[in-house]
Amino acid sequence: MRTPVLIVGGGPVGLALAGELGWRGISCTLVEKSDGSIYQPKQDLVGIRTMEFCRRWGIVPWVEAAPYPRGYRQDNVYVSAVAGFEFGREKFPGMGEEKAPPQSPQHRERCPQDMFDPILARFAGTFPHVGLRYHRELLSFREGPDGVEARVADPRSGAEEIIQCDYLIGCDGGGSLVRQTLGIAMAGNPVLTYTTNAIFRCPNFLALHGKGEAYRYIIIGPEGTFATIVAINGADRFRFSIVGDAEKREYGEAEVRAAIVKAFGRPFDFDVLTIVPWIRRELVAESFGANRVFIAGDAAHMISPTGGFGMNMGIQDVVDLAWKLAAMLGGWGGKRLLDSYSIERRPVAVRNVREASGNLNRMLSPRAQKPAPEAFEPGPAGDRARAEFGARFAAIMRREWFTLGIHLGYRYEGSPIVVPDGTPEPPDEVSTYTQSARPGHRAPHHWLAPGRSTLDLYGKGFVLLRFDGAPAENLASAAAARSVPLEVVDLDDRAAAALYERKLVLVRPDGHVAWRGDATPADAQAVIDRVRGA
Ligand SMILES: Cc1cc2nc3c(=O)[nH]c(=O)nc-3n(C[C@H](O)[C@H](O)[C@H](O)COP(=O)(O)OP(=O)(O)OC[C@H]3O[C@@H](n4cnc5c(N)ncnc54)[C@H](O)[C@@H]3O)c2cc1C
């Protein structure tokens, strides 16, 4: 069998790559060793940038129609136990009431993996040139100058086949065989915590305590932060997590049940569905690949889930990679284009894994700065101690709950395929986000008409935004000379012109600014060659 792009792994990142390539008209085949069932959903926060990609793919209504109840409140509540004392909370409405911020046409969504992966698979499956093949495990591969030969087997029968491809992309998760075969090391901290997750079912959970609907309960005992309970489907299923620490500890089912009762504050009826021990890591691959084999998602970075960045960052990886693969297969990508993938994405991963570990430390900070003992006693002195601790902890935790800058503010500073304009790099924000059309940054959102964002202009090829009819012919003809797909879009909009700051702004197929200026460059061909990685 032959395929232009072989994707290994059908988690959210591999599925997003299959969909993004399919949307670009690129044939690809995805192999996934399992049947695709999700026994324990991991991600549940589909970040705002991922939702912008979903908008581009036309699948926002599918996400909104996922079965997570849109009215279910998303509060984060800090408690001694779910049925115990409340220290404080950060209130958030249900997803149906969440508003898009001024910087984006979309807002984040709560759509857990067992709902989101099927949406991504359905989207990829709409393209006849995308093949999703479950029960297919990559066993090994060999890279040559003209392509890659992969050995794949059906784990049920052991039957093997050879798949030839131009490019092989490992989206095969933290244990990535692709990364190991390439001999790429991971840098960082291999163990932050040994954590144990359990999904339990309790249909009348809400009626058993007075805390109301919440997305997450963080349980803090006299010893400090001990566990979290997350409303994984906004109904009857919850993910309980014994956060643990860097010391290895394994829990049997009886111990997990006892810990759930402790976290709740008293015995109650529930069923434990799955128990998964896992290691929380802070690791980034030293390279994201080269030549014909690349890695993306957890294969390239392993991150604490505190913040909900992991999958979202992986989907950004493949949106960065997919147009470059399309350019190579389409014959207009330069020989250094694919090198820019690792150069652009690795610093974003380093930034995000650090932020997520910072969030973990903030969540665990009550282990060092414990609540006063009175905080666990009834009465007015207890109320005062709870209010004092709750206010302090809530202030610390806000950085994790408000992360617009992390999701939208990543930029490709110093990328060899971005032409700097000499302006200084603005600060990299976490909770706030100031839009910028500086080269390397995500091209800003602005409403051109009700329901029509500037972001809706970008995606398939390059877009040259033109304000005030500035001459653009030499850039357009330089692109045509190299078969680079480029569309000139005239905008007559004062606010958009102010936001983009220059009369001509060249936006890449992934929605990042490649170049900008008030007049076409003297050497337009050099600019086009640079942004196509020649
Ligand atoms: C508790 C928890 C909560 C999280 N919450 C969030 C969140 O809210 N938001 C967020 O963005 N991220 C979150 N994450 C992180 C997120 O789940 C991961 O980053 C994401 O699942 C990574 O996706 P992936 O496709 O790269 O890898 P995976 O999901 O690990 O998928 C890899 C796939 O590759 C397959 N595979 C492996 N080897 C082979 C092979 N040799 N051949 C064929 N197939 C193979 C595997 O079967 C698997 O299906 C969370 C993680 C945890 C643990």
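Residues numbered from 1 in each chain as written. Predicted model: local features only at pLDDT ≥ 70, side-chain atom pairs only at ≥ 80, totals over all residues. Heavy atoms only, no water.

This next bit is on the pattern of salt bridges. Within this structure, the stated rule accounts for 47 salt bridges. Of the charged contacts in the structure, one is a salt bridge between Asp320 and Lys324, with a shortest N-O distance of 2.7 Å. Within this pair, Asp320 and its partner Lys324 are both found in helix H7 (residues 310–330), separated by four residues, close to a single helical turn. Taking relative accessible area as the criterion, Lys324 reaches 0% and is therefore assigned buried. Taken together, the salt bridges that share partners define one network made up of Arg133, Arg136, Asp154, Arg156 and Glu161. (Salt bridge = Lys/Arg side-chain N within 4 Å of Asp/Glu carboxyl O. Helix = DSSP H or I, 4+ residues; strand = E, 2+ residues; numbered from the N terminus. Buried < 20%, exposed > 50% of the residue type's maximum accessible area, 1.4 Å probe, protein only.)

The immediate surroundings of the ligand are formed by 29 residues, with Glu32, Leu45, Asp298, Met311 and Asn312 found nearest. At 3.5 Å, a side-chain N or O of Lys42 approaches an oxygen atom of the ligand. Asn312 places a polar side-chain atom, nitrogen or oxygen, 2.9 Å from an oxygen atom of the ligand. For the ligand, whose accessible area on its own is 1000 Å², the fraction buried by protein is 88%. (Near = heavy atom within 4 Å. Polar contact = N/O pair within 3.5 Å; in protein donor to acceptor, adjacent residues only side chain to side chain. Areas by Shrake-Rupley, 256 points an atom, 1.4 Å probe, with all protein chains shown as cover.)

A few words now on the sheet that holds strand S11 (residues 186–201). As a general point, the strands of a sheet are linked pairwise by backbone hydrogen bonds and lie either parallel or antiparallel. Ordered by their spatial adjacency, eight strands build an open sheet running S5-S4-S12-S13-S14-S11-S15-S18, and the pairing between neighbours is mixed. A strand with exactly one partner marks an edge of an open sheet, and here the two such strands are strand S5 (86–90) and strand S18 (301–302). Bridge analysis of strand S4 (residues 76–79) against S5 gives four bridges, and the strand direction is antiparallel. Note on S5: the bridge partner recorded for Asn76 is Glu90. Lying over the sheet, helix H6 (residues 253–264) contacts S11, strand S12 (216–221), strand S13 (224–231), strand S14 (237–242) and strand S15 (271–285), oriented at roughly 90° with respect to S15. (Pairing = 2+ DSSP bridges. Contact = heavy atoms within 4.5 Å. Axes fitted to C-alpha atoms, helices over the stretch in contact; angles between N-to-C directions.)

Another point: the sheet that holds strand S22 (residues 486–491). Spatially, four strands are ordered S22-S21-S23-S24 in an open sheet, and the strand pairing comes out mixed. What marks the edges here is a single partner per strand, and that holds for S22 and strand S24 (513–517). When strand polarity is set aside, the average angle formed by the axes of neighbouring strands in this sheet is 15°.

For an α-helix, the turn length of 3.6 residues means that residues three or four places apart are oriented alike. With 21 residues, H7 extends 30 Å between its outermost C-alpha atoms, agreeing within 8% with the 30 Å of an ideal straight helix rising 1.5 Å per residue. Buried residues dominate H7, accounting for 18 of its 21 residues. (Expected span 1.5 Å × (residues − 1).)

Okay, the pairing of S4 next. Neither face of S4 is left uncovered, since the one carrying Asn76 and Tyr78 and the one carrying Val77 and Val79 both have all their residues buried. Where S4 folds back onto S5 in an antiparallel hairpin, the turn is made up of six residues. Judged from the four bridges that link them, S4 and S12 form a sheet pairing that is parallel. When the sheet's bridge partners are listed, Asn76 is paired in S12 with Arg216.

Before going further, it helps to examine the packing of helix H11 (residues 473–481) against helix H13 (residues 524–531). Relative orientation of the contacting elements H11 and H13 amounts to 50°, with a least axis distance of 8 Å. One element, H11, and the other, H13, form an angle in the oblique class. Two packed elements cross with a definite hand, and for H11 against H13 that hand is right-handed. Two secondary-structure elements touch here, H11 through Asn474, Leu475, Ala478, Ala479 and Ala481 and H13 through Ala524, Gln525, Val527 and Ile528. (Parallel < 35°, antiparallel > 145°, perpendicular 65-115°, else oblique. Left-handed = near helix turned anticlockwise from the far one by under 90°.)

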